Amino acid sequence: MRPVQVIVNAGAGSGHDDERARALRRKLEQAGLDAELTLAHGGAELIAAARRAREGGARLVVAGGGDGSMNAVASQLVDSDGESGPAGIGTGIRFGVLPMGTLNHFAKDLGIPLELDAAIGNLATGVPVRVDVGAVNGRIFLNNSGLGLYPDIVRDREKQQNRLGRGKWPAALWASLAALRRYPFLSIRLDVGGERLARRTPFVFIGNNAYTMQGLTIGVRDRLDDGTLSLYVAQHPTRFGLLRFALDALRGRLGEARDFDVLEADAFEIDTHRKRLRVATDGEVTLMAPPLRYRSLPGALEVLVPPKKPL
């Protein structure tokens, strides 16, 4: 039996209680995994459980949940170099993924099965690969980070869910309409590869590696090991275009490529006149003090993925 620490977000999907946890543990045992399973309620508990697993000498740590849960657990599997944040030196702990969220972008882009039994099988038979991690001012992101419209909508959506009891998508629609009324724009200064650019934009999207085109839509990533960040700065849209940006972002998409200025770099800096800025990292919003220093951490996380099939 292979020992494994499994940390599940109790609020993921339709929710997980002790009975579901026992059922999951049985499935893991059937796959040859000796699982110590923790149900975590919220990001702080996910992070604390992952930290305990790391400090306890775990060699395989698995996160069960959506992309935010993946971020919380993985944040403890990337070494920190103190004040400057994640150093990009892996801890030697392998990371396993049980996709239980709504969008599951990290799992999809790595080819990890979305069906639970198949994902558990991957924990037993998968092969380790090193993938890049993005970082901004000491916080990591596995998928992407966003400024402007997107973190504002996420914040408003969460308020409506908590205060009014609305579901995730109705709350998102109301939050998007509120943003449309405000018609918000952000004045930023970009420092990329020694070049300085000034932009006024409603939305900035930073991807961990490059997102590819699907027709006219910016969608998935072909690889997560190229050591680059992709920077998408929205051009000046109409009010209708702003709403489309908002809804696309909440679905994890960017809209049409022609709506963006696109750059790629391994590091860059974003500054603004504001003292604090809401920054989304894998869907979780944090207040940060500019300048925002983004960088790629190549090969910082070792993840189990399905073996490649022979051609």
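These lines cover the structure that appears in this document, whether it is placed above or below.

**Some points on the nonpolar core**
Among soluble globular proteins, nonpolar side chains are generally buried collectively.
Argument step 1. Ranked by size, the top nonpolar core spans 33 residues in total, and within it F95, F106, L301 and V303 carry the most contacts.
Argument step 2. Only helix 2 (43-55), strand 3 (60-65), helix 3 (67-74), strand 6 (94-99), helix 4 (105-110), strand 7 (127-136) and strand 20 (292-305) provide two or more residues apiece to this core.
Argument step 3. In terms of residue count, the dominant contributor to this core is strand 20 (five residues).
Argument step 4. Once residues lying within four places of it in the same chain are set aside, the contact partners of V303 are F95, V97, F106, L110, I112, V127, P128, V129 and V131.
Argument step 5. In terms of nonpolar packing, the next biggest core, distinct from the first, is built from 21 residues, L190, L231, V233 and F268 among them.

**Quick notes on the pairing of strand 1 (residues 2-9)**
Residues in a regular strand point their side chains to alternate faces of the sheet.
Argument step 1. Of the strand pairs in this sheet, strand 1 and strand 2 (residues 33-40) are connected by eight bridges, and their pairing is parallel. From the neighbouring strand, P3 faces strand 2, where its bridge partner is D34.
Argument step 2. With four bridges connecting them, strand 1 and strand 3 associate as parallel partners. Bridge pairing in strand 3 links V6 to V62.

**Section: helix 5 (residues 116-125)**
One full turn of an α-helix is made of 3.6 residues, so residues set three or four places apart face in the same direction.
Argument step 1. Among all positions of helix 5, only A119, I120, N122 and L123 are buried. Buried residues of helix 5, viewed axially, fall in a sector of 150°; they line one side.
Argument step 2. Those residues of helix 5 that are buried are in contact with strand 1, helix 1 (18-30), strand 2, strand 3, strand 6 and strand 20.
Argument step 3. Residue E115 occupies the N-cap position of helix 5, its side-chain oxygen lying 3.2 Å from the main-chain nitrogen of D117.

**Quick look at the packing of aromatic side chains**
Argument step 1. Taken as a whole and judged by the stated rule, the model has six aromatic pairs.
Argument step 2. Taken together, a centroid distance of 5.4 Å and an interplanar angle of 80° make the contact between F205 and Y211 edge-to-face. Each member of the pair, F205 together with Y211, is buried.
Argument step 3. Each member of the aromatic cluster is reached from another via a ring pair, and the members are F203, F205, Y211 and Y232.

Procedures and definitions
Residues numbered from 1 in each chain as written. Predicted model: local features only at pLDDT ≥ 70, side-chain atom pairs only at ≥ 80, totals over all residues. Heavy atoms only, no water. Core = buried A, V, L, I, M, F, W, Y, C linked by side-chain atoms within 4.5 Å. Buried < 20%, exposed > 50% of the residue type's maximum accessible area, 1.4 Å probe, protein only. Helix = DSSP H or I, 4+ residues; strand = E, 2+ residues; numbered from the N terminus. Contact = heavy atoms within 4.5 Å. Pairing = 2+ DSSP bridges. Arc of directions from axis to C-beta. Polar contact = N/O pair within 3.5 Å; in protein donor to acceptor, adjacent residues only side chain to side chain. Phe/Tyr/Trp six-rings, centres within 6.5 Å; stacked < 30°, edge-to-face > 60°.

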